[in-house]
Structures are given as structure tokens and as C-alpha cells.
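Commentary on secondary and tertiary structure
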Amino acid sequence: MKHFKVLGSGCKKCATTAELIESKAKDLGVEVEVEKVTDMAAIMGYGVMSTPGVVIDETVVHAGGIPSTQSIEEWIRS
Amino acid sequence: MLEIFTWLADWAAYDLLHLEKGTRLAKSVHFFIEDVTKIFFLLALVVFLIGLVRSLLTPERVRKVVAGRSRAVSYPMAVGLGAVTPFCSCSSVPLFIGFLEAGIPLGVTMAFLIASPMINEVAVVVLAAAVGWKVALLYVVAGLSVGIIGGLVIEFFKLEKWVEEYVWKIRMGETVIQQASISFKQRIVYAWEQVKEIIGKIWIYVLVGIGLGALLHGFIPQEFFVKYASADNLFAVPSAVLIGIPLYSNATGVIPIVEALLGKGVPIGTVLALMMSVAAISLPEMIILRKVLKPQLIATFTGILFVAFIGVGFLFNALLT
């Protein structure tokens, strides 16, 4: 099962990003785990400064802004 | 080209609504219609065009570029890039920590954060369309200078002691984000999403700004401003800056008010000082920055900006009126 982490200090955009991933996974019938990381040291540990950021299985795939539905779909499928 | 919005407002106010030309209400309605159509059109256009070509400027890249440079280079670079690099205000904290962690001096980092909300490419284009390139250029030069001066003052007084201790302990990881190369079609989709996101975020500030501008334009007589806001009144500039502190808006949202005030003959320095104060000093931003700055530094930072904006106001009033 894919493990998603959404990096962000808890702003609205970060919550939206997490929801988008969950709902898209549901649509595609793929089981994923989505975790929100709000600890600043942990976020910076991934080398991300612009939030929200997205991490899949410990690899950063996105930073800065809500990701497009297209990329979310690709992450879930790949 | 922008006259089309004046014609549209002429038609809507005088032909469609049958308002009598020259009345207060007609003036306000005309201003409102012209500015709503013009500003939202420009906003969408500029954000879309920039969405097509940008994507190269991220805070992560800025950090790499600015780190390790001499101050003569890093200060101008920080304010310049602060003006054009897009980032959401909730990213201010990681950005701040990331800059310091890369060895970028506190003053340079603060210069970046001061310039960022005051100047952005959208506000500059809309300002130029509303009141001309000369004013827009002055605003940019003044904003960049205030950023540099603010940063230098913080550096001079060695205020690093007023940064929260935990900030210095955080270590940043090295990550290269894999960005697939994107096709032209994807760029268009991205640009369009940017338009929706940015307008979705700031439309209310812009609409309120236009509403206030329209009321000022139609209902407040010029004599009022001549009496209270002329360049001879020494309190006009400090009052403008003080009024701007609790008011918070996006830089673009202040422009209709700037337009209305300049139209009433309020001196340019006073108006620009107000615009900077509204855009740069905001309570939400201070609350976010409080996570990394001690209250003393927040207070000092606000004080520096307050004095700098008053300076800008008096300087421009003296030079240009």
C-alpha cells in the first residue's frame, strides 16, 4: 500500500491536498494511507520550504501549492 | 486598449441604468463598473500569462541562489526575488527557517519577507493600468528600497537574539524534486488553475477595495482631501500609515483606493505610503511569523516599516509635488 505524506503547517491548502488525494484514491479504488506532517523540523528534513508538499514512500514528489488532479492520479496509479 | 472599459462603464451607467451624468451616484457606479471589469480582466490575463512561463522560480531555488553571496549582491537579489517569487503566506515559516539554515543573514531574509507582500507582478501591472507607469515604477523602487533598508537595520542591531532558539537547530534535508517536463497543453491547464486559485483567494479584497474606491470617488468632495490630506499637513503621511496598519488587504485590492485618492488630488507620497502600509503590515502575517520571531523582533520589524513608510511618503511629497 502506498504511503502518502502531506507536508504543511496546517493551513487550508494542506488539508485540501490531503482530502484530494484521499478522494481520488477512493474514486480509483486504490487503497492508500495519507498522513499529515505538521512538525516543522520534519518538513524541513525533506528539504521542502514551500508547502503543501507531497511525499510518497519517503520521496518528495511535489512542493508549493495544491497539486493538480492529474498529478495526483498519476501518483496513485504509478 | 483599456479605454474599452471606460466605454463599457459609460454605456452601463448612462444608457443601461439611466443615471444622470455628473451626479454622485453616477460617478460611483461608473467607477465601480469600470474598475471591476478592468481589474478582474487584467488580473486573469496577467496571472494566466505568468502561469505559462513561470514555474522556474521557487523558494527552494531562491534559497540556493542567494546563499553564500556578498551583501552587496544578496540584499538587492533578495528583494527582487521576493517581489516575483510566488509563495503562500503559510509557507513564510519554513521559508524563513530554510533561508537561515542555508547561512543567509537574518537581514537578507527579512528583506525578502518585507518586499514579498508589497510588490508582485500582478499588482504592478494593475497599478500601471490604473494610475500610469510612473506611479507604478515609483512604488516598485520605494518598496524594494524599504525592503533593503529594513533588512540592513535588523542586521545592524544584530537582532538574531530575537529569533526563536529552535529555529537555529533545524537542519534541512537535500531533495531534488523530480519534475516531469510538461507539455504546452499542461502549461495551459496549469496557468488556468493559477487564475482560478489566485482570483479565488483575492477577489474579496479586490471587490471591497473597488467598492471603497467608488464611494470615495463619488461621495467625498475634493475639498475634504484638500483640507486634511494636502502635502502641507505634516500629520497626513503618518496618519495614512497608521490607518494602513490594522487594515489588511492584498496589494492589488488597495489599488482602486489609490486610484480614487490620486484623483482627488491627495499627494502621491501620502497615497503610496498608505498602499505600502496596507499591503506589508498585516496581523495575520505577524501571527504566522510569531512562530519564528520573538515579540521584540515583531515589534521592531513593525516599527522599522512604520518609520520607513513615513519616510517614503515625505520624500515623494517633497520631490514630486
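Every value quoted in this text rests on a predicted model; they were computed, and no experiment measured them. (Residues numbered from 1 in each chain as written. Chains lettered and ligands numbered in written order. Predicted model: local features only at pLDDT ≥ 70, side-chain atom pairs only at ≥ 80, totals over all residues. Heavy atoms only, no water.)

1. Quick word on the overall build of chain B
Across its full length, chain B holds 16 helices and zero strands. The C-alpha radius of gyration of chain B comes to 21 Å, within 12% of the 20 Å expected for a compact globule of 321 residues. If you line up chain B on its principal axes, its C-alpha atoms span 65 × 55 × 30 Å. The buried share among the 321 residues of chain B stands at 49%. Long-range contacts, defined as pairs at least 24 residues apart, comprise 84% of the intrachain contacts of chain B with a sequence gap of at least 6. When the accessible surface of chain B is totalled, it reaches about 15,200 Å², and 70% of it is carbon and sulfur. One way to put it: in chain B the 24 positive side-chain charges average out to a point 7 Å from where the 20 negative ones average out. (Helix = DSSP H or I, 4+ residues; strand = E, 2+ residues; numbered from the N terminus. Rg over C-alpha atoms; globule rule 2.2 N^0.38 Å. Buried < 20%, exposed > 50% of the residue type's maximum accessible area, 1.4 Å probe, protein only. Contact = heavy atoms within 4.5 Å. Areas by Shrake-Rupley, 256 points an atom, 1.4 Å probe, with all protein chains shown as cover. Lys, Arg positive; Asp, Glu negative; His and termini not counted. Charge placed at Lys NZ, Arg CZ, Asp CG, Glu CD.)

2. Comments concerning the packing of aromatic side chains
Residues and elements named next belong to chain B. Summed over the entire model, instances satisfying the criterion amount to six aromatic pairs over all chains. Geometrically, the ring pair formed by phenylalanine 5 and phenylalanine 41 is tilted, given 5.4 Å between the ring centres and 45 degrees between the ring planes. Here phenylalanine 5 is found in helix 1 (residues 3-16), whereas its partner phenylalanine 41 is found in helix 2 (residues 24-53), with 36 residues between them in sequence. The class for phenylalanine 5 is buried, based on a relative accessible area of 10%. Here phenylalanine 41 falls in the partly exposed class, since its relative accessible area comes to 37%. Here phenylalanine 156 and phenylalanine 157 contribute two aromatic rings whose centre-to-centre distance is 5.1 Å and whose plane-to-plane angle is 85 degrees, an arrangement assigned as edge-to-face. (Phe/Tyr/Trp six-rings, centres within 6.5 Å; stacked < 30°, edge-to-face > 60°.)

3. Some thoughts on the packing of helix 12 (residues 236-244) of chain B against helix 16 (residues 295-320) of chain B
When two helices pack together, their arrangement is given by the angle between their axes and by how far apart the axes lie. Residue and element names in this part refer to chain B. In contact at an axis separation of 9 Å, helix 12 and helix 16 are set at 140 degrees when each is read in the N-to-C sense. When the axis of helix 12 is compared with that of helix 16, the two are oblique. Here helix 12 and helix 16 pass one another in a crossing that is right-handed. The residues of helix 16 that touch helix 12, namely those facing Val237, Pro238, Val241 and Leu242, are Phe306, Phe309, Ile310, Gly313, Phe314 and Asn317. (Axes fitted to C-alpha atoms, helices over the stretch in contact; angles between N-to-C directions. Parallel < 35°, antiparallel > 145°, perpendicular 65-115°, else oblique. Left-handed = near helix turned anticlockwise from the far one by under 90°.)

Interpretation note: all reported values are geometric properties and have no functional meaning in isolation.
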